Amino acid sequence: MQRLCVIAILAACLDAVTAQYNFKWAPATINAPAVVGFHVPGVPAWTQWFSTNNKDAGESPPGNIQKCTSGGDNVWGASFDDGPTPYTPRLLEYFAAKKLKTTFWVVGYNVQANPDILRATYDAGHEIGIHTWSHTHLTQLSDDEIIAELVYGARAVFEVIGKYPKYFRPPYGDVDGRVRSLAALVGLRSVIWSRDSQDWVYYANATAINLIVPNNFKSWIDAGSKMDISLEHDFDPSTVSVGIKAMDMLLDAGYTLKPFGECIGETALYGNSILPKFFASGLFESKLAPVQTATEVHGIPIAVITSTYRSEAAVKTSTKTSGVHAAASFSTGFLAVFLALL
Ligand SMILES: *[C@@H]1O[C@H](CO)[C@@H](O)[C@H](O)[C@H]1NC(C)=O
Ligand SMILES: [Zn+2]
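Here the structure is a predicted model, which is why all the values come from computation and not from measurement.

(A) Examining the state of the cysteines more closely. Applying the stated criterion across every chain yields a total of 1 disulfide. Each sulfur in the disulfide pair cysteine 68 and cysteine 263 lies 2.1 Å from the other. Here the S-S torsion is close to -80 degrees, and the disulfide linking cysteine 68 with cysteine 263 is therefore left-handed. Of this pair, cysteine 68 sits in the loop between helix H2 (44-53) and strand S1 (75-77) while cysteine 263 sits in helix H11 (residues 260-263), placing them 195 residues apart in sequence. Residue classification places cysteine 263 among the buried residues on the basis of a relative accessible area of 0%.

As structure tokens, then:
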């Protein structure tokens, strides 16, 4: 009897650990990066909700942030986009060894694929920003689709770190007034960069990337750059290793590496005030895609999200398990095992 009890509780513990993050709501099971032009379907009711509940924010949104504004001339805002990936931990090791923090702009589908890596990144003290769900060109999307890309991207980050960022980075820097306006409705401000390392151009050619990226940083250093924000990536081993080389160059040249929020003097990086209200409204779950039939983008079909997925998502409305909650139920489970053994 007692042994049965222990087995039952252990099974519950295991369940808590394996179901650490709930991505049942995630919009598609396709490999988004392999499908050029993929984006999530728009949800008109979400756009309507933000337009009604955060109307003023969308009216005259602030421009893109592109340089540091705080911390002195020698401050440098490095950033790494498109993770989390299996290559991110190498950067984490580097920054930990240097006792420095940086910023990661993360893509929703990669957060779903590598939640533990995002959790480790956040736990190490790095800053996390939203880089949409599908990494697509936002200016080419409808209003509803832009809102959905930001909402799903934010939901992915929240699932893992339990916070809603106030900043997003538009993929490819592809942003205009309409995108900024819609993002402002979602409580998000656009952050681009002043220095493009071009690692994304040359990542497939080891000779080229190791020649051109360090050369770019050298020319910026030689030109006496001040308070720049640089664009780099953690999507490939080559971009990570050349990124480390670039950070060393900046440090050798006397720059102070700061994460983005610090270098603009932001003290409430995750103080998004509208997203918690939106998710508390229940509209996210009740209107999960698809609310439109699958369409084609540039001749490539968008994956159809099945009705099975929809009903699962609806059931999951009140059972979100964050990393923190899972850890709590895990230790409760341990306590229960301990008591059962007594
Ligand atoms: C790789 O880059 C080097 C240096 O720019 C260039 O000479 C070479 O042709 C490139 N290789 C390929 C396969 O493109
Ligand atoms: Zn990107």
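That shown, we press on.
(B) Inspection of helix H6 (residues 143-161) at higher detail. The end-to-end C-alpha distance of H6, which contains 19 residues, comes to 27 Å, matching closely the 27 Å that a straight helix rising 1.5 Å per residue would cover. The buried count for H6 comes to 17 of 19 residues, which makes it a mostly enclosed element. Backbone geometry just after H6 places glycine 162 at a positive phi near 70 degrees.

(C) Just the packing of helix H3 (residues 88-98) against helix H5 (residues 115-123), in detail. Look at H3 against H5: their axes get within 10 Å of each other, and the N-to-C directions meet at 15 degrees. What the angle tells us is that H3 and H5 run roughly parallel. In this structure, H3 meets H5 at a crossing whose hand is left-handed. Two secondary-structure elements touch here, H3 through Thr88, Pro89 and Leu92 and H5 through Ile117, Ala120 and Thr121. Of the residues that constitute the contact of H3 with H5, the class distribution is 4 nonpolar, 2 polar and no charged.

(D) Representation of the side chain of serine 134 within the structure. With respect to the helices and strands, serine 134 occurs in the loop between strand S4 (127-130) and H6. Its relative accessible area of 4% is what places serine 134 among the buried residues. There is a polar contact of 2.6 Å between the side chain of serine 134 and the side chain of glutamate 149.

(E) Representation of the coordination of the zinc ion (ligand 2) in the model. Distances from the zinc ion (ligand 2) to its protein donors, namely Asp82 (OD), His131 (NE2) and His135 (NE2), fall within the range 2.0 to 2.1 Å. Mapped onto the sequence, the residues coordinating the zinc ion (ligand 2) show the spacing D-x48-H-x3-H. In this pair, aspartate 82 is assigned in the loop between strand S2 (79-81) and H3 and histidine 131 in the loop between S4 and H6, connecting sequence segments 49 residues apart. Taking the relative accessible area as the measure of exposure, histidine 131 reaches 2% and is therefore buried.

(F) Seen up close, the pattern of salt bridges. Tallied over the full model, the rule gives 11 salt bridges. Of the charged contacts, one joins glutamate 159 and arginine 155 as a salt bridge, the two residues approaching to 2.8 Å between their closest N and O atoms. Of the two residues, glutamate 159 and arginine 155 are both situated in helix H6; the distance of 4 residues between them amounts to about one turn of the helix. Residue classification places glutamate 159 among the buried positions, given a relative accessible area of 0%. Salt bridges here are not isolated pairs; linked through shared partners, they connect Lys67, Arg195 and Asp228.

Definitions and cut-offs
Residues numbered from 1 in each chain as written. Chains lettered and ligands numbered in written order. Predicted model: local features only at pLDDT ≥ 70, side-chain atom pairs only at ≥ 80, totals over all residues. Heavy atoms only, no water. Disulfide = S-S within 2.5 Å. Helix = DSSP H or I, 4+ residues; strand = E, 2+ residues; numbered from the N terminus. Buried < 20%, exposed > 50% of the residue type's maximum accessible area, 1.4 Å probe, protein only. Expected span 1.5 Å × (residues − 1). Axes fitted to C-alpha atoms, helices over the stretch in contact; angles between N-to-C directions. Parallel < 35°, antiparallel > 145°, perpendicular 65-115°, else oblique. Left-handed = near helix turned anticlockwise from the far one by under 90°. Contact = heavy atoms within 4.5 Å. Nonpolar A, V, L, I, M, F, W, Y, C, P; charged D, E, K, R; others polar. Polar contact = N/O pair within 3.5 Å; in protein donor to acceptor, adjacent residues only side chain to side chain. Donors = N, O, S within 2.8 Å, 3.2 Å for Na, K, Ca; no water. Salt bridge = Lys/Arg side-chain N within 4 Å of Asp/Glu carboxyl O.

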